[in-house]
Amino acid sequence: EQCCDRPKNTNVRISLPAVCFVWQIAMIILFGIFIRYNEESDAHWIEHKTSNNISSNIENDFYFRYPSFQDVHVMIFVGFGFLMTFLKRYSFGAVGFNFLIAGFGLQWALLMQGWFHSLDPMDGKIKIGVESMINADFCVASCLIAYGAVLGKVSPVQLMVMTLFGVTLYAVEEYIILSLIHARDAGGSMVIHTFGAYYGLSISWMLYRPNLDQSKHRIGSVYHSDVFAMIGTLFLWMFWPSFNSAISDHGDGQHRAAINTYLSLAATVLTSIAISSLSQKTGKLDMVHIQNATLAGGVAVGTAAEFMLMPYGSLIVGFCCGIISTLGYIYITPFMEKYLKIHDTCGIHNLHAMPGVIGGIVGAITAAAASKGVYGTEGLANTFDFMGKWKDMMPTQQGGHQAAGLCVALCFGIGGGIIVGCILRLPIWGDAPDNSCFDDDIYWECMPSASSNNPCLGPHNTVSIASNVWRQHGTIASFEMLWVCPVAYPDRGAP
Amino acid sequence: EQCCDRPKNTNVRISLPAVCFVWQIAMIILFGIFIRYNEESDAHWIEHKTSNNISSNIENDFYFRYPSFQDVHVMIFVGFGFLMTFLKRYSFGAVGFNFLIAGFGLQWALLMQGWFHSLDPMDGKIKIGVESMINADFCVASCLIAYGAVLGKVSPVQLMVMTLFGVTLYAVEEYIILSLIHARDAGGSMVIHTFGAYYGLSISWMLYRPNLDQSKHRIGSVYHSDVFAMIGTLFLWMFWPSFNSAISDHGDGQHRAAINTYLSLAATVLTSIAISSLSQKTGKLDMVHIQNATLAGGVAVGTAAEFMLMPYGSLIVGFCCGIISTLGYIYITPFMEKYLKIHDTCGIHNLHAMPGVIGGIVGAITAAAASKGVYGTEGLANTFDFMGKWKDMMPTQQGGHQAAGLCVALCFGIGGGIIVGCILRLPIWGDAPDNSCFDDDIYWECMPSASSNNPCLGPHNTVSIASNVWRQHGTIASFEMLWVCPVAYPDRGAP
Amino acid sequence: EQCCDRPKNTNVRISLPAVCFVWQIAMIILFGIFIRYNEESDAHWIEHKTSNNISSNIENDFYFRYPSFQDVHVMIFVGFGFLMTFLKRYSFGAVGFNFLIAGFGLQWALLMQGWFHSLDPMDGKIKIGVESMINADFCVASCLIAYGAVLGKVSPVQLMVMTLFGVTLYAVEEYIILSLIHARDAGGSMVIHTFGAYYGLSISWMLYRPNLDQSKHRIGSVYHSDVFAMIGTLFLWMFWPSFNSAISDHGDGQHRAAINTYLSLAATVLTSIAISSLSQKTGKLDMVHIQNATLAGGVAVGTAAEFMLMPYGSLIVGFCCGIISTLGYIYITPFMEKYLKIHDTCGIHNLHAMPGVIGGIVGAITAAAASKGVYGTEGLANTFDFMGKWKDMMPTQQGGHQAAGLCVALCFGIGGGIIVGCILRLPIWGDAPDNSCFDDDIYWECMPSASSNNPCLGPHNTVSIASNVWRQHGTIASFEMLWVCPVAYPDRGAP
């Protein structure tokens, strides 16, 4: 690994714009060739309505799914973005690169998922509507989960590469799991969380930095960065019912998925807090657990949310996951770093990987236990989509298919992550040296952080600190005022 | 009060996990026995639809109420949570304990409200759906309002006890007011705000700390904590129309409630700002008023929001409440603390208690003044639910019932608060000593705040300050870098 | 400009409350005379439903538009408000005055737009419903855009005057563009963004301060103020699809507008980031560009969002606008300040003016290119509203009308801005002197910022800094603790 000892070049001035432009232009060309509006978003809807005897515009899928879509959208951009702002000096990278990944990923996801799921055989075009947008956001979620494992340790160019492959792998495994295997996965416990988390962890394993302790003083939060992270936590937590119900069946499917998720998450809050308090000598709570483990119930109820899991079943799932996830933060994350050489910045193993696998198992069990008594004859066929070539499927069989789906998600996550991790080890991507990880100064226009200087150097130092907070909006700065006093922080006093 | 002079033990390592586990397990058992999906969220919906001749899935109540539910959910978790982050050193407690209260409260509320309102006589089960979730969130709101009065002065265990009793009392008074008395209260001016505020104020009165001035230096904000609080304010303000319309009648009821609330809140903004400016020698505005008083119009229009209050009526309500609420912050809160021995951290008396009572009165007057000319014959019966055993009710009578409802809410709030306050005085709950109130360091893993040390002690001190901002995410810290300079803040320069 | 050299009086204790009270009372009177519920929000809805053979309450416009309304509402209050918090010492003013402008503006907008658009000829009343609320929010958006140009340089009284005239002008130009000229403008590229931006820029030009460099040290951000601004950015970005689809046609119109906006914004993210990286020697990104330029695609797709722009067309619009907007921040904003004497605090020329004009042009081209083949016969008439007196209109003609609409928006923006700017130059409005711009201390109760003192004065200075973070909530402070140490920041260590 001698290449890693070379002074690293973190200049991405050529590579980042190049990747953005080339890929965006490719998107435009591919969208031009392949993507069109579906019948509900096309101007022919008015004729389609008449010919299909649809009585009202309110029957347009837009009105069934758009509120859920908006909630999912908030989870992707504000939820994931702000959840990762907890680091004291990587908030720009957290929210900014999250934005970049999602902005690119959703376009590529529309294409990849379109080819597999909504290619119109008549004209060879992909027809998109509100459900496509939700699915694209879902796909992006798996890449953002993976980002959590490598947060602060990779360059934006690496993230773009990771997203390109992540979306591609996602579309394939989703097709295999949902269409070929006919597993159900409304909230994506398997398809999104298990896949995304193992994809990210495998990449993090491949990119392991033995000397990361040189940046260890930046792996921590400050008071206000923890409050920012709570914005992410809460928007994820609140809108998770919409996430799990966004693409489930119209009517009772969406309704039930929302209720189950709501309950599971509520139970998780209590057990996360209980374990967090138990883990400290004086019973104090740790914000890391509150920010993350409280969400585990939403992950774990994802697959079974649309099934007749029953309200108490949801509570039990949430109860267990709050415990497991919090214990994961306390014991498993340090273990994985020390012994398995997997550094997991945000602890996605505890928030997505373990709960995702649990969710897959819960889904398999719930499906296998389904009966006509509980669901009704029509309800059973409707909920599990026992129609067409699957019309003779039995619930027990469905349980097996669910389990098979979980295995596929695991394989794609781990296998894909190892391959992509190898690609990302090439020394051409502009990632930061070991002593500059978790530092926004590498990729963002903000002066060097004071903690990397001796803060006692007098005037010069004051300027370097002050100029840190000095970034301008299109004008030329005069530093005079800041030179006055070398000791106190003139500017930092203000805010 | 000699017990209060003892050094207090704030260790909640046994009590907090015990309460969380015991209550969560109780919830699972009770949910297992009692709670099932209602016909709109059960898999039998497809059969129910056929047998009830429902033409489309869009008729499922989910599509009428879910967007409003999500807005209410945001108000509960982000709105109330962030509104209370204004204290310089209690943001974790504000948003974290808010999360805990709400997570537990909503489960208990589903049970309590279910027993009173939606017990199916056929099988003795409570049937839940989207409206139950909204009602549970509403119930939790009253407990969060009460939290505002005692913010920073109680332990999380006390909050759990307060929530347990608060939800119980709420369910009973709600049943009396809405079902027995047949008062209408769409936005909960009486049921939620009046009850919740007086419940909290009575508890705060019972828990009065004569020596609280030992913590006075922490009762204040810093620049950025005020900006965080504005997140709470704005999400409450913006989504209040959804709050007041969430459970009102389908169609014109929800529509009108949203419009009335929208208008009332707009008027409140202007008068709050006017009085705030008037109250200072140089006309400067006070963030406390902007954060809180601007919301009073939403509280006060709660009961009458679904009535034909008329747009100008809504503006008048908002106009008055902005004035009264702001004056309350200026004159009444200090008066109550000094003479009535009621310390009200967030000023809930001004934001919830007074506007809630006004809302009850406005509701009574509006109801009494209702006429068939304004509402139409069907509209009148529909709006006031003059059906079944109430079909011969007159608007003037309804006005009386509204007033009776307000009295019930007041009695439950004050009476319940005094009783629960007595319970919370027991010296077993782990609350903070008088000199450590409003301080996250008591219940959260973050190093002691610098303000409680002499900050001139040299290296040791720097470390204590620095370590304060140092919390780790699963790794071991090296403090070396921070030892360099004892004078300036190495780390605070960075963020 | 001798008047500008006089010491300015920033006391608004008379003028601000006076304006708020007088205008709010005027609103109540005018609402009393003019504004009533429309048939969908009136209690007669139940009779209206029967007589119009409406089968279900779900057909009430509330259910078509309320989720979009709430998203727009969030954009107005949180989106615009937080986007402007980036300044290190003007976050209160950003979010607080934004709140004031919007709270007043929406009331006045309901009246002005009502007179032009929804006056019931039967009784001379304005009938309001959910669509009126969306339109009022849209109108307010144009004033908030204008606020971006003068952020930090005007008093709240000036902002109220600016809003009064801004809303009035908006209502007139909207009537001319949409009703007289029959241009279509679903997302308001012309009506909202072009008008609002040029209105603000013209006012900023009229209020040019040659000595503004005295406040230059405050035109910049600190680390956390940039994170706050990202909250604004993301909520604007995420909910822009709702903005552009909020008032478009039920069914495919809303559906298509949301898709087009979603895609355009995604493309903008990539090109903004690419140009931002290219513009710095080492490829670092600038938060200003990420916060602002990433939104340009939403502006530029506004007019054409409901047309058959096609998915790739949306991507192309977003692609171009990301580039143009970012280049604007790099080159045009400094140029305008230096040579045109237009200081544009938030860079609205890059985010709203240029993309707005592009949006108008794209709309004209897309309309002119419309054909029955692409839209279907009914779809074409439906999309462009070729009905009634416009039933013989051709797409090419419509293109011309769109272009005419753009010119009207430009004229109203520039002309109106110059006139209102003249009014705002009167020395009676309490605006800040040149050396106190961008400073919350002028209009908000927070102690003077440390940067305006010599921070080396010893104890006194510590107190002034500390008291800065000391604002109280209704109690009297004891400063003792803060006197201990003159060098380090006792309090700033805490948060």
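Residues numbered from 1 in each chain as written. Chains lettered and ligands numbered in written order. Predicted model: local features only at pLDDT ≥ 70, side-chain atom pairs only at ≥ 80, totals over all residues. Heavy atoms only, no water.

By the naming in an unreviewed UniProt entry, chain A goes by Ammonium transporter AmtB-like domain-containing protein and is assigned to Oncorhynchus tshawytscha. The record held by UniProt for chain A lists under Function (unreviewed entry) the comment "Functions as an ammonia transporter. May play a role in the elimination of ammonia in the gill." Among the UniProt annotations of chain A, the heading Subcellular location (unreviewed entry) holds the following wording: "Cell membrane". (UniProt positions renumbered as here; feature names shortened; annotations may be inferred.)

A. Region of the structure containing the layout of surface pockets. Residues and elements named next belong to chain C. There is about 1000 Å³ of room inside the largest pocket. Contributions of two or more residues to the lining of the largest pocket are made by α2 (45-51), α3 (61-83), α4 (91-117), α5 (130-150) and α6 (156-180). The element that contributes the greatest number of residues to the lining of the largest pocket is α4, accounting for 5 residues. Residue composition of the lining of the largest pocket, by class: 9 nonpolar, 15 polar and 14 charged. (1 Å grid on protein atoms, 1.4 Å probe; cavity = no way out; pocket = protein on both sides within 12 Å on 5 of 7 lines; lining within 4 Å. Points joined across faces, edges and corners; volume = space filled by probe spheres on them. Helix = DSSP H or I, 4+ residues; strand = E, 2+ residues; numbered from the N terminus. Nonpolar A, V, L, I, M, F, W, Y, C, P; charged D, E, K, R; others polar.)

B. Summary view of the sheet that holds strand β2 (residues 119-120) of chain A. All names here are of chain A. The sheet built from 3 strands is open, its strands ordered β1-β3-β2 with mixed pairing. In the strand order of this sheet, the two ends are held by β1 (35-37) and β2, each with one partner. Summarising the sheet, β2 and strand β3 (residues 125-128) pair through 2 bridges and their orientation is antiparallel. Note that in β3 the partner of Asp120 across the bridge is Lys125. Running at roughly 55° to β1, helix α1 (residues 15-34) makes contact with β1 and β3 of the sheet. (Pairing = 2+ DSSP bridges. Contact = heavy atoms within 4.5 Å. Axes fitted to C-alpha atoms, helices over the stretch in contact; angles between N-to-C directions.)

C. Examining the relation of the copies chain B and chain C more closely. Superposing chain B onto chain C requires a rotation of 120° together with a translation of 0.0 Å along the rotation axis, leaving an RMSD of 0.0 Å. In the structure described here, the two chain copies are related by an operation that fits a three-fold rotation axis. (Least-squares fit on C-alpha atoms with pLDDT ≥ 70 in both.)

D. Here's a closer look at the interface of chain B and chain C. With 97 residues of chain B at the contact, the number on the chain C side is 93 residues. Approximately 8600 Å² of surface area, both sides summed, lies buried where chain B meets chain C, with 70% of it carried by carbon and sulfur atoms. Sorting the residues of chain B by area buried against chain C places Tyr223(B), Tyr262(B) and Leu270(B) first, and these three jointly supply 10% of that buried surface. Remark: the boundary between chain B and chain C carries 0 salt bridges. At the boundary of chain B and chain C, one finds 26 residue pairs in polar contact (both at pLDDT 80 or more). Elements represented by at least two residues in the side of chain B that touches chain C include exactly α3 (61-83), α8 (223-245), α9 (252-278), α10 (287-292), α12 (311-339), α14 (372-375), α15 (377-384) and α17 (459-468) of chain B. Its residues placed into classes, the side of chain B that touches chain C shows 55 nonpolar, 28 polar and 14 charged. (Buried area = accessible area lost by both parts, 1.4 Å probe. Salt bridge = Lys/Arg side-chain N within 4 Å of Asp/Glu carboxyl O. Polar contact = N/O pair within 3.5 Å; in protein donor to acceptor, adjacent residues only side chain to side chain.)

E. Structural context of unusual backbone geometry. Residues and elements named next belong to chain B. Phi is positive for Asn53, close to 60°, though the residue is something other than glycine. Classification of Asn53 by relative accessible area gives exposed; the value is 71%. The residue Met310 is not glycine, and still its phi comes out positive at about 70°. Structurally, the position occupied by Met310 is in the loop between α11 (296-300) and α12. (Buried < 20%, exposed > 50% of the residue type's maximum accessible area, 1.4 Å probe, protein only.)

F. Focus on the pattern of salt bridges. According to the stated counting rule, one finds 36 salt bridges over all chains in the structure shown. Here Arg65(C) and Asp61(C) are joined by a salt bridge, their closest N and O atoms 3.5 Å apart. Highlighted residues: Arg65(C) and Asp61(C), both in helix α3, separated by 4 residues, approximately one helical turn. Across the pair, exposure class does not vary: Arg65(C) and Asp61(C) are buried alike. Ionic pairing is found between Asp439(C) and Arg89(C), a salt bridge with its closest N-O pair at 3.9 Å. Here Arg89(C) lies in the loop between α3 and α4 and Asp439(C) lies in the loop between α16 (395-424) and α17 (459-468), a separation of 350 residues in the sequence. By relative accessible area, which is 1% here, Arg89(C) ends up buried. Each of Arg89(A), Arg218(A), Asp439(A) and Asp441(A) takes part in a single network of salt bridges with overlapping partners.

G. Geometry of the relation of the copies chain B and chain A. With an RMSD of 0.0 Å, the operation that places chain B on chain A is a rotation of 120° combined with a shift of 0.0 Å along the axis. Different-surface contact between copies: only 16% of interface residues of chain B are shared with the interface of chain A.

H. Seen up close, the side chain of Asn260(A). Structurally, Asn260(A) is set in helix α9 (residues 252-278). There is a polar contact of 3.4 Å between the side chain of Asn260(A) and the backbone oxygen of Phe307(A). A polar contact of 2.6 Å, which involves the side chain of Asn260(A), links it to the side chain of Tyr37(B). Look past the residues within four positions of Asn260(A) in its chain and what remains in contact with it is Val301(A), Ala304(A), Ala305(A), Phe307(A), Leu309(A), Met310(A), Pro311(A), Ser314(A) and Tyr37(B).

I. Region of interest: a nonpolar patch on the surface. Residues and elements named next belong to chain A. Side chains of Ile25, Ile29 and Ile33 sit close together on the surface and give an oily, nonpolar patch of about 260 Å² of accessible area. Along the chain, Ile25 turns up in helix α1. Judged by its relative accessible area of 39%, Ile25 falls in the partly exposed class. (Patch = residues over 30% accessible without salt bridge, like charges linked within 9 Å, V, L, I, M, F, W, Y side chains within 5 Å. Areas by Shrake-Rupley, 256 points an atom, 1.4 Å probe, with all protein chains shown as cover.)

J. Focus on the interface of chain B and chain A. Counting residues at the interface gives 95 residues for chain B and 98 residues for chain A. When chain B packs against chain A, close to 8600 Å² is buried across both sides, 70% of that on carbon and sulfur atoms. In this structure, the connection of chain B to chain A is made through 0 salt bridges. Counting across the chain B and chain A interface gives 26 residue pairs in polar contact (both at pLDDT 80 or more). If you list the elements that add at least two residues to the side of chain B that touches chain A, you get α1 (15-34), β1 (35-37), α2 (45-51), α3, α4 (91-117), α5 (130-150), α8 and α19 (490-493) of chain B.

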